Amino acid sequence: MITLDSLTKSYDDHLVVDGVSLELPSAGVTSIIGPNGAGKSTLLSMVSRLLGVDAGTVDLDGLDVHRAPSREVARRLAILRQDSHTPARITVRELVELGRHPHSKGRLTPACHAAVDAALARCDLADLDRRGLHELSGGQRQRAYVAMVLAQDTRYLLLDEPLNSLDLVHATALMQLLRTLSDEHGTSVVLVLHDINYASVHSDRIIAMRDGRVVRDGTPEEVITEEALSDVYGAPFRVHHLDGDRIAAYYR
Amino acid sequence: MRRVVLALTLATLGAAALLLTWGVDGHWDFALPRRLETLAALVIVGAAVAVATVVFQTVTASRILTPSIMGFDSLYVLVATLIVWSTGAATALAMPPLALFALNTGVMLGASLLLFRAVIGDGTRGLYTTVLAGVIAGTLFSSISGFLFRVMDPNAFDVLMADLFASFTSIDTTLLAVGAVVLTAAVAGAFAMARRLDVLALGRDGAIGVGLDHRRTVMLAMALVAVLVSVSTALVGPVTFLGLLVANLAYRLTGTHRHGANLLVAMLVAAVALVLGQALLQHVLAFNGTLGSLISLVGGVVFIAMLIKESRR
Ligand SMILES: Nc1ncnc2c1ncn2[C@@H]1O[C@H](COP(=O)(O)OP(=O)(O)OP(=O)(O)O)[C@@H](O)[C@H]1O
Ligand SMILES: [Mg+2]
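Residues numbered from 1 in each chain as written. Chains lettered and ligands numbered in written order. Predicted model: local features only at pLDDT ≥ 70, side-chain atom pairs only at ≥ 80, totals over all residues. Heavy atoms only, no water.

As annotated in an unreviewed UniProt entry, chain A carries the name ATP-binding cassette domain-containing protein and comes from Demequina lignilytica. Annotation of chain A in UniProt includes, under Subcellular location (unreviewed entry), the sentence "Cell membrane". (UniProt positions renumbered as here; feature names shortened; annotations may be inferred.)

Written out as structure tokens, the structure reads:
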């Protein structure tokens, strides 16, 4: 379990995350939704120690995330950022191998190679593994970054908008993959999503943020409602029931 | 990769043989020791500058920036000027070479660490902020040195000028030995952290994400760079643009992001370029001690070409 205790962050008097306290479960798929600028990425960056906190603590199964050795944290928690920096002249496989750093410090073991191969296959990259990252399309590159955090093989997987620039088929495949990881390997997946219908269909729990605060927190049945969504986004929503799923419409 | 390394190693050996034997008529016992010293200086300084540049470029996430370009050379001039100015020409000349070298290097080391920290921060500033900070620092140092040149007495100025121009042919043997030991240790240190440098190329967030102690790694890398450039500059004077040339050539030759490969190949490229350049200069062009200016000419053109290419992106 990851316990967030009154996390706070502001940029020059502008309060971006406002005393958020939460418990992120040690299993299941948890989606974070909310409008642009709500503070979702800031929250995830603080939970994953990429960003220092102004106040509050993050406890990861008894480990103070901001005090513990970075490598300890990296063996339990992997983070995919909204935008990643690409090293020059690196191949897809080499990038995914860097995900093994917390375990191997760069000297890959047979277990590492197995994890890398599995991650590449899961992200449909087995055929592209020798390609340079700069020779890929935006969606292929995004999948390579996802494969890198998968290869890290952690209990907690934090993903900031992992569906960015993926086509419909690969987006759905990735959501199914995350669901499988959670169901079969007991991975706890926490992800920021803009497509609320992916959140609705694949999540166990949905956390909605607005103006740096958690304004809704519950099952898809509780959060994907016309009233709740209109409140979170400040715009009208329709929610339809299709084959047992709750599908929100916001196109008109 | 193997073939590149093999070819470059052979080229280095060939160039070395050329430098050692070309045009020696008879007086081997006189020529050989002096030429061996020059060869050692070229190889050691080349390796140090190459390694320093590759590491520096990873920390700054840039293929254009080098310690020299980021104000290091003007800092060196300033430190040397301050030392001669404050001790006076007579004292500077009377000082044992090793003491002057140690003073020069020590002050440089401290000052360059401060400079790098001020200019680079933790490596998360954008290219333009970094370049701007480097240019401002460089200009500041140059203007202070320029002012001191004017108020300095002419004897001290002469001593200083002799100190400031890159020269591989007139190095004190003791200094060379001491410098070689320090530089070899620093180069070995860089190779020891090659895998961490690979991870550092992911950028701050990516590196922390896979468990790298980012702050410590950047500090360590910059300390190595500071040692490498301080000692090599104190030995032979500034060779601006050498690092830029050899690092970028090495990236092309290896085609990989791995630092193990890039460090090694950059070192070999530097050795070939310097040794061959010196041999040719001495015999074909019959110049002496102007290797630095030749490098600056070629490197300057490449630097401007790279800047133009980068700005068109
Ligand atoms: N480095 C920064 N300096 C100043 N303000 C920042 C900085 N980073 C984020 N902000 C501000 O903090 C607020 C929250 O940003 P954050 O990136 O957390 O939003 P988000 O919910 O992830 O939005 P999006 O859906 O667009 O990704 C925004 O108003 C943003 O402008
Ligand atoms: Mg965001």
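The rest of the description comes next.
**Q** Describe the domain arrangement of chain A, naming the residues involved and giving the relevant values.
**A** How big an interface is tends to be expressed through the accessible area that disappears when the partners come together. Residue and element names in this part refer to chain A. When the domains of chain A are assigned, the result is domain 1 (2-76 + 154-250) and domain 2 (83-153). A straight line from the C-alpha centre of domain 1 to that of domain 2 covers 24 Å. Counting from both sides, the interface comprises 18 residues of domain 1 and, opposite them, 15 residues of domain 2. For the pair domain 1 and domain 2, the summed buried surface comes to about 1300 Å²; carbon and sulfur atoms form 62% of the total. Here domain 1 and domain 2 share zero salt bridges between them. Across the contact surface, domain 1 and domain 2 share nine residue pairs in polar contact (both at pLDDT 80 or more). Taken together, the elements giving at least two residues each to the side of domain 1 that touches domain 2 come down to helix H2 (70-76), strand E7 (156-160) and helix H7 (168-185). It is H7 that contributes the most residues to the side of domain 1 that touches domain 2, five residues altogether. A breakdown of the residues in the side of domain 1 that touches domain 2 according to their chemical character gives nine nonpolar, five polar and four charged. (Domains from an automatic or database assignment. Contact = heavy atoms within 4.5 Å. Buried area = accessible area lost by both parts, 1.4 Å probe. Salt bridge = Lys/Arg side-chain N within 4 Å of Asp/Glu carboxyl O. Polar contact = N/O pair within 3.5 Å; in protein donor to acceptor, adjacent residues only side chain to side chain. Helix = DSSP H or I, 4+ residues; strand = E, 2+ residues; numbered from the N terminus. Nonpolar A, V, L, I, M, F, W, Y, C, P; charged D, E, K, R; others polar.)

**Q** Describe helix H1 (residues 2-21) of chain B, and please don't skip the residues or the numbers.
**A** Residues and elements named next belong to chain B. Here H1 contains 20 residues, and its C-alpha end-to-end distance of 28 Å stays within 8% of the 28 Å for a straight helix at 1.5 Å per residue. Residues Val-4, Val-5, Leu-8, Thr-12, Ala-15, Ala-16, Leu-19 and Leu-20 constitute the buried set of H1. Seen along its axis, H1 keeps its buried residues to an arc of 130°; they face one direction. The outward face of H1, more than 90 degrees from its buried face, is lined by the exposed residues Arg-2, Arg-3, Leu-6, Leu-10 and Leu-13. Where H1 is buried, its residues meet helix H2 (28-59), helix H12 (242-254) and helix H13 (259-283). (Expected span 1.5 Å × (residues − 1). Buried < 20%, exposed > 50% of the residue type's maximum accessible area, 1.4 Å probe, protein only. Arc of directions from axis to C-beta.)

**Q** Tell me about the pairing of strand E1 (residues 2-11) of chain A, residues and numbers included.
**A** Residues and elements named next belong to chain A. Taken together, the seven bridges between E1 and strand E2 (residues 14-24) define a ladder with antiparallel strand orientation. Bridge pairing in E2 links Thr-3 to Glu-23. Hairpin geometry of E1 and E2 is characterised by an intervening segment of two residues between the two adjacent antiparallel strands and by a positive phi of about 35° at Asp-12. Where E1 meets strand E4 (residues 55-60), five bridges bridge the pair, whose relative direction is antiparallel. Bridged to Thr-3 within E4 is Asp-59. (Pairing = 2+ DSSP bridges.)

**Q** Residue-level account of the nonpolar core, with values.
**A** With 146 residues, the main nonpolar core has Leu-178 of chain A together with Phe-168 and Leu-235 of chain B as its most contacted residues. Among the domains, domain 1 (2-76 + 154-250) and domain 2 (83-153) of chain A are the pair contributing at least three residues each to this core. The next biggest cluster of nonpolar side chains, apart from the first, holds 30 residues, and it includes Leu-4, Val-20, Ala-68 and Val-73 of chain A. (Core = buried A, V, L, I, M, F, W, Y, C linked by side-chain atoms within 4.5 Å.)

**Q** I'd like a rundown of the coordination of the magnesium ion (ligand 2), residues and numbers included.
**A** Residues and elements named next belong to chain A. Coordination of the magnesium ion (ligand 2) by the protein is provided by Ser-41 (OG) and Gln-82 (OE1), with metal-donor distances spanning 1.9 to 2.3 Å. Taken together, the residues Ser-41 in helix H1 (residues 40-47) and Gln-82 in the loop between strand E6 (77-80) and helix H3 (92-98) connect sequence positions 41 residues apart. Ser-41 sits in the partly exposed class, given a relative accessible area of 23%. Of the residues examined, Gln-82 reaches a relative accessible area of 34% and is grouped as partly exposed. (Donors = N, O, S within 2.8 Å, 3.2 Å for Na, K, Ca; no water.)

**Q** Can you break down the packing of helix H8 (residues 173-192) of chain B against helix H11 (residues 214-236) of chain B residue by residue, with the values?
**A** Residue and element names in this part refer to chain B. Orientation of H8 relative to H11, taken along the N-to-C sense of each, is 155°, at an axis distance of 9 Å. Here H11 runs roughly antiparallel to H8, going by the angle between their axes. Relative to H11, H8 is oriented so that their crossing is left-handed. On H11, the residues touching Leu-175, Leu-176, Gly-179, Val-182, Leu-183, Ala-186, Val-187, Gly-189 and Ala-190 of H8 are Leu-224, Val-227, Leu-228, Val-231, Ser-232 and Leu-235. (Axes fitted to C-alpha atoms, helices over the stretch in contact; angles between N-to-C directions. Parallel < 35°, antiparallel > 145°, perpendicular 65-115°, else oblique. Left-handed = near helix turned anticlockwise from the far one by under 90°.)

**Q** Account for the layout of surface pockets, naming residues and giving values.
**A** Size it by volume and the second largest pocket reaches roughly 780 Å³. What lines the second largest pocket is a set of 29 residues, among which Gly-211, Leu-212, Asp-213, His-214 and Thr-217 of chain B lie closest to the centre. Counting residues per element, the ones that place at least two in the lining of the second largest pocket are H2 of chain A together with H8, helix H9 (194-200), helix H10 (203-209) and H11 of chain B. If you tally residues by element for the lining of the second largest pocket, the top one is H11 of chain B, at five residues. For the lining of the second largest pocket, the domains that each give at least three residues are domain 1 (2-76 + 154-250) and domain 2 (83-153) of chain A. (1 Å grid on protein atoms, 1.4 Å probe; cavity = no way out; pocket = protein on both sides within 12 Å on 5 of 7 lines; lining within 4 Å. Points joined across faces, edges and corners; volume = space filled by probe spheres on them.)

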